[in-house]
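As a plain string of letters, each chain reads:
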Amino acid sequence: VHDGPSKTLLVSAAHDKQPQIRDGETGDWIGTFHGHKGAVWSTKVDKLTRTLAITASGDFTAKLWSVSTGKELFELKHKHVVKTADFSPNSEKIATGCQDGLMRVYDTCQPGAPPQLYQITTNGNAESASKLLWSPTENGIVILGKKNGVIEKWDTRTGSSSAVLSVVAPSGGENIMDLEISTNHGLILVATGKQVCSYSLDSLSLLKNFTMPSPLTFKEEGGASLSPDGSTFLAGGSDLWVREFSYSSGEVLRTMKGHHGPVRCMRYHPSGLIGASGSEDGTNGCGTLRREEIID
């Protein structure tokens, strides 16, 4: 989270039920959100004020928090595991993706009011949302990554039956393990199966497709992130290593070794000079800030 010209925060989700906030420059611990009774799969800070956080958990809830105090503000009850959540760009709405096959959209100022419900699948957990993000350029649009390998754009300003605007399916039909939006470059970076793909943010047209070197896969875990200048991307997954690739050619530029468990997620620092990785090895939970040694 880029919080002003001189401060960056690192927010993490973790299987230990305790999402955290750390200094994005040093990795130093700032605070922990206490209250979930199950693994936390997603943590986001609102983009407008940087004062609110939303978490999605295996305890069948999403929780709204105060970033400055760590206090739980509201519990959003669901009927199944909540895998993903995000604030709209203006912070007025919260969307959640649940394994009951529904996307819910809440009013941030009135979280206790009944949410808008969108039936994103009739096949339950098998086609539920694994990731979702609000579009930063299109009002009311949510981009969904689903377990059956499909990416969809939904218009939350309309009824559920007519909300799907466009659909794309990367080859392989594997779970969409990660989505990242690069506003500067107008694209969505996707990690799925054995590939990292990029799609146009507006049309979902395929831009690039990179096959990952064996044994790296995203079948059970992993993520990818595009550098702020668009020249490179990071990817980490099943084989414990983090690699940096050329975005123009797909060539591996360097390999970073240090985790002792599969890598769950990857993100660049806004400067592009630091990478953050979160691993199953429990290293400060998902989103651990690491300065890695380059391995030749």
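How each quantity is defined
Residues numbered from 1 in each chain as written. Predicted model: local features only at pLDDT ≥ 70, side-chain atom pairs only at ≥ 80, totals over all residues. Heavy atoms only, no water. Helix = DSSP H or I, 4+ residues; strand = E, 2+ residues; numbered from the N terminus. Rg over C-alpha atoms; globule rule 2.2 N^0.38 Å. Buried < 20%, exposed > 50% of the residue type's maximum accessible area, 1.4 Å probe, protein only. Contact = heavy atoms within 4.5 Å. Areas by Shrake-Rupley, 256 points an atom, 1.4 Å probe, with all protein chains shown as cover. Lys, Arg positive; Asp, Glu negative; His and termini not counted. Charge placed at Lys NZ, Arg CZ, Asp CG, Glu CD. Phe/Tyr/Trp six-rings, centres within 6.5 Å; stacked < 30°, edge-to-face > 60°. Lys NZ or Arg CZ within 6 Å of the ring centre and 35° of its normal. Salt bridge = Lys/Arg side-chain N within 4 Å of Asp/Glu carboxyl O. Core = buried A, V, L, I, M, F, W, Y, C linked by side-chain atoms within 4.5 Å.

Peer 1: I keep staring at the overall build of the protein chain and nothing clicks. Help me out?
Peer 2: For the protein chain, the helix and strand inventory stands at zero helices and 27 strands. A compact globule built from 296 residues would reach a C-alpha radius of gyration of about 19 Å, and the protein chain, at 18 Å, matches this within 12%. Each principal axis of the C-alpha atoms in the protein chain carries an extent, and together these give about 55 × 40 × 35 Å. Residue burial in the protein chain is summarised as follows: out of 296 residues, 54% are buried. When contacts within the protein chain are restricted to residue pairs at least 6 apart in sequence, those whose partners lie at least 24 apart make up 40%. Put simply, the protein chain shows about 12500 Å² of open surface, and 51% of that area lies on carbon and sulfur atoms. Considering the protein chain, the positive charge centre built from 29 side chains and the negative charge centre built from 32 side chains are found 4 Å apart.

Peer 1: Would you take a moment to explain the packing of aromatic side chains for this structure?
Peer 2: The geometry of an aromatic ring pair is captured by two quantities: the separation of the ring centres and the angle between the planes. Scanning all chains against the criterion turns up five aromatic pairs. Where Tyr118 meets Trp154, the ring centres are 6.3 Å apart and the plane angle is 80°; that geometry is what we call edge-to-face. Here the residue Tyr118 occupies a position in strand 11 (residues 116-119), and Trp154 occupies one in strand 14 (residues 151-155), the gap between them amounting to 36 residues. Residue Tyr118 is classed as buried on the basis of its relative accessible area, which comes to 1%. The exposure class of Trp154 is buried, given its relative accessible area of 3%. Here the aromatic cluster, defined as three or more aromatic residues joined through ring pairs, consists of Phe210, Phe233, Phe245 and Tyr247. We note Lys208 situated over the ring of Tyr247; from NZ or CZ to the ring centre the distance is 5.4 Å.

Peer 1: Even after reading the chapter, I still don't get the pattern of salt bridges, so can you show me in this structure?
Peer 2: Close approach of charged atoms allows side chains with opposite charge to pair. Overall, the coordinates contain 14 salt bridges when judged by the stated rule. Here Glu152 ties to Lys146 by a salt bridge, and the two come within 3.3 Å at their closest N and O atoms. The same class applies to Glu152 and to Lys146, which are both buried. Note that Arg264 is salt-bridged to Glu280, the shortest N-O span being 2.6 Å. Placement of Arg264 in strand 24 (residues 263-268) and of Glu280 in the loop between strand 25 (275-279) and strand 26 (289-290) is noted, with a sequence separation of 16 residues between them. Accessibility expressed as a relative area gives 35% for Glu280, which makes it partly exposed. Each of Lys63, Glu72, Glu75 and Lys77 takes part in a single network of salt bridges with overlapping partners.

Peer 1: I tried to follow the environment of Gly38 on my own but got confused; where do I start?
Peer 2: For Gly38, the position within the fold is in the loop between strand 3 (29-32) and strand 4 (40-45). Accessibility expressed as a relative area gives 11% for Gly38, which makes it buried. Excluding its chain neighbours within four sequence positions, the residues that come into contact with Gly38 are Lys17, Ser57, Gly58 and Asp59.

Peer 1: Can you help me understand the nonpolar core in this one?
Peer 2: Proteins that are soluble and globular tend to have nonpolar side chains buried together. Grouped together as the largest cluster of nonpolar side chains are 15 residues, with contacts concentrated most on Leu189, Val196, Met212, Phe218, Phe233 and Ala235. Secondary-structure elements contributing two or more residues to this core are strand 17 (187-192), strand 20 (223-226) and strand 21 (232-236). A per-element tally of this core places strand 17 first, with three residues. Sequence-distant contacts of Phe233, defined by excluding residues within four places in its chain, comprise Leu189, Val196, Phe210, Met212, Ser225, Leu226, Arg243, Glu244, Phe245, Ser246, Tyr247 and Tyr268. Residues Ile151, Ile181, Tyr199 and Leu201 belong to the second largest nonpolar core, which totals 13 residues.

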